Amino acid sequence: MATKSKLDPRKMMEKAIEVMRSSVAEKRTDGKPNPLVGAVLVRPDGSIETSARGELREGDHAEFTLLERKCVGEKLDGSVLFATLEPCLNRNHPKRGCARHIVSARIKEVWVGIEDDNPTVAGKGIEHLRRHGVTVHMFDRDLQEVIAKENKAFYEWARQQSEKPEPEVIMLSKYEDSIAAVALGDLSEKALERYRSKARIEPALGSAEFARLLRQQGLLTGEGDAVTPTGFGFLLFGKEPRNAVPQAGVLARAELADGESSRAEFGQAMVLIPGQLEEWLSKVLPSTLDRSRMERREQVDLPFEMIREAVVNALIHRDYHIVGQKCQLVVNADTITIKSPGGPISPITLEQMRSFTAPMKSRNPVLHYVFARMGMAEEQGYGLTSLKHHAERLGLPLPSYAMEGDSLMLTIYRTTESATRTLARAVVEELTPEEQKGWTFLSGRTGTTQNEYARNMKVTARTAQRHLTHFVELGLLRRIGRGPATEYLKP
């Protein structure tokens, strides 16, 4: 009898991707690309079974092949499933979606590669699993990127499709449905045209084909004369979204060098907010520079790309069910902070966001889809990769994430010294000048080792160890491991 072995999730994720590459393409005449999908089942005793899409019969999904053909009749309680693509929820009758097969098999832990890219379907299979007591994890970010790259053609096709609903309809948000007293005439032609232009949509504004595309994308609902905007459609394109969704929009404040502040509120159609916000910042921010100092102060130009990415992500991923709070932007000489109501999207953790390793996952896939098509957001995810790369390119400290109440707060630093100047006064007073330089170095990375710190700071190993230990004592770093392999990471 096989003995139970410790599960190595990373190894099984990699195995699922390996299996994915053996998927068998269907013979099709409609031009639909064939997806690559792999699945791995790990039994309680550590033995595994694998399957790829189309492996035994053309068109069969990987999870179906695994559960209903290779493991049919087995008792799978306690098994763990790894699948490179979100299990489907709906299939044409009499077929059942893979998420339903997983629940029927009584599997209680599933690791998912990436969400379905169809905006009206994304997250529904995962939510079905959760509602039936299944614990869902996402693959590591770097492996998600491999899956997305190798399925690029299929996912680009999938984003243009619509899903036929089955009797069980799962809604991730009430804003997928229509809003009372909101009609087509409440949408802004300027906002719709901006979307059409930026997304390179060919059908003209007002045409039946353009309306059909918006219905497919979950932005309109209904048929004929009964067509109305969905809540997400109204948030994106409404003339005044706050009439029906008061928590929509962005509050902005710029703290000026003379002690005054400039405030603005952006409550227009969501797709217009980034441009309007950038115009406002361009007008008010030159006066925030501190010109009173005699010595030269190195100042990086305002990182508009980072601000745009951060604001778009705040609007996309905020929890619109939290009322009485708006997204907020605050700018001062040292930092740009963006608050977005709602914490990280399960199963993403704050620690993963701080280390820029959070897997790709969308709270509001419909919103994300629109901004992604407009070239204003990364596909899925929180734009973590872009924010990190922008900071590195500009030589700035890496952005930091924290929770403030029930809002996720992102801090972007404007100068190399900002990460030290924004520490609590009591902490700064505890740091020697050399340690302050060391913290400036550390602000540009997620962590370090003793050898790396000593090499970059040009200090002895003993001095490096003393600095790092002091940072740990002050709560600036946390120690992981022991001996030469010890890592010092930001909390």
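Rules of the game
- Residues numbered from 1 in each chain as written.
- Predicted model: local features only at pLDDT ≥ 70, side-chain atom pairs only at ≥ 80, totals over all residues.
- Heavy atoms only, no water.
- Pairing = 2+ DSSP bridges.
- Helix = DSSP H or I, 4+ residues; strand = E, 2+ residues; numbered from the N terminus.
- Axes fitted to C-alpha atoms, helices over the stretch in contact; angles between N-to-C directions.
- Buried < 20%, exposed > 50% of the residue type's maximum accessible area, 1.4 Å probe, protein only.

*Asks:* Looking at this model, I keep getting lost on the sheet that holds strand S1 (residues 38-42). Mind explaining?
*Replies:* Two modes of strand pairing occur in sheets, parallel and antiparallel, and in both the strands are linked by backbone hydrogen bonds. Reading across the sheet, the five strands line up as S2-S1-S3-S4-S5 and stay open at both edges, with mixed pairing between neighbours. The two strands at the open ends of the sheet, each matched to only one other strand, are strand S2 (48-52) and strand S5 (135-138). Pairs of neighbouring strands in the sheet enclose a mean axial angle of 15°, with direction left out of account. Relative to S5, strand S4 (residues 109-114) runs parallel, the two sharing four bridges. Counterpart to Glu109 in the pairing with S5 is Thr135.

*Asks:* Would you explain unusual backbone geometry in this entry?
*Replies:* Leave glycine aside and you will find that most residues have negative phi; peptide bonds, for their part, are mostly trans. Note that the residue after Ser346, namely Pro347, is joined by a cis bond; omega there is 10°. Relative to the elements of secondary structure, Pro347 occurs in the loop between strand S11 (335-341) and helix H12 (350-354). Positive phi values are uncommon outside glycine, yet Ala181 reaches one of about 70°. Examined against the element boundaries, Ala181 turns out to sit in the loop between helix H6 (152-158) and helix H7 (189-198). Residue class for Ala181 comes out exposed when judged on its relative accessible area of 83%. Even without being glycine, Arg200 reaches a positive phi, approximately 55°.

*Asks:* What should I look at first to understand the pairing of S1 in this one?
*Replies:* One face of the sheet, then the other: side chains in a regular strand alternate in exactly this way. Counting buried residues along S1, five of its five residues qualify, which places the element largely inside the surrounding structure. Side chains of S1 alternate between two faces, with Gly38, Val40 and Val42 and Ala39 and Leu41 buried alike. Sheet topology note: the S1/S2 ladder contains five bridges and is antiparallel. From the neighbouring strand, Val40 faces S2, where its bridge partner is Thr50. The loop that links S1 with its antiparallel partner S2 comprises five residues; one of these, Gly46, has a positive phi angle of about 95°. Judged from the four bridges that link them, S1 and strand S3 (residues 80-85) form a sheet pairing that is antiparallel. When the bridges of S3 are listed, Ala39 appears paired with Ala83.

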